[in-house]
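Here is how the chains run, residue by residue.
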Amino acid sequence: MNVLRESMIGQVTSDLTLLPEEDLPLVVEFVDYLKDRRKRKTPQPLSVAEIRSEARRRAQLLDQMPREEIVARFEQLAEEIRREVIEKGTAVNGDWLHD
């Protein structure tokens, strides 16, 4: 590992200790998002057991989060997905009517 990378990791680690505990699940979710983004570049299919394990892990992270925050995050992700499919030209015409 090079010195710059080690320094950056040290800084991030130090910054994480300053965050309120309720923000840590969001940090984990963001890191997961970055890992998922990287995986999309080199797709490797997950087994059913891996998908279930990941779903349980994520559900545990959300267990402590207020419903309003979960709904806001869901809406944000839905908007990101909507923009992505529009950019790719794979969007389906129509509006989302219900949750």
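Summarised in this report is the structure supplied together with it. Predicted model only: the values in this text are computed from it and were never measured.

Definitions and limits used
- Sequence order as written defines the numbering, with residues in each chain counted from 1.
- Two thresholds apply to this predicted model, a pLDDT of at least 70 for residue-level local features and 80 or more for giving and counting side-chain atom pairs, whereas whole-chain, interface and lining totals are computed over all residues.
- Hydrogens are left out, water is left out, and the side-chain values use all remaining heavy atoms of the structure.
- Patches here are clusters of residues that have more than 30% relative accessible area and form no salt bridge, with a 9 Å joining cutoff for like charges and a 5 Å cutoff for nonpolar side chains (Val, Leu, Ile, Met, Phe, Trp, Tyr).
- For accessible areas, the Shrake-Rupley method is used with a probe of radius 1.4 Å. Any residue's cover is judged against the shown protein chains and nothing else.
- Salt bridge, as used here, is a side-chain nitrogen of Lys or Arg placed within 4 Å of a carboxyl oxygen of Asp or Glu.
- Secondary structure elements are taken from DSSP: a helix is a run of H or I of four residues or more, a strand is a run of E of two residues or more, and numbering for both begins at the N terminus.
- Using a 1.4 Å probe on the protein chains alone, a residue whose accessible area is under 20% of its type maximum counts as buried, one over 50% counts as exposed, and one in between counts as partly exposed.

1. Considering a nonpolar patch on the surface
On the surface, a cluster of nonpolar side chains totalling about 280 Å² of accessible area is made up of Val 12, Leu 16, Leu 19 and Leu 24. Tracing the chain through its elements places Leu 16 in helix 1 (residues 3–16).

2. Some details on the pattern of salt bridges
Once their charged atoms are close, side chains differing in charge can pair, the charge on each being opposite to the other. Counted under the stated rule, the structure contains 9 salt bridges. Across the salt bridge formed by Glu 29 and Arg 73, the nearest N and O atoms sit 2.6 Å from each other. Of this pair, Glu 29 sits in helix 2 (residues 24–41) while Arg 73 sits in helix 4 (residues 67–88); the two residues are 44 residues apart in sequence, bridging distant segments of the chain. Assigned by exposure class, Glu 29 and Arg 73 land together as buried. Taken together, the shared-partner salt bridges connect Asp 32, Lys 35, Asp 36, Glu 54, Arg 57 and Arg 58 into one network.

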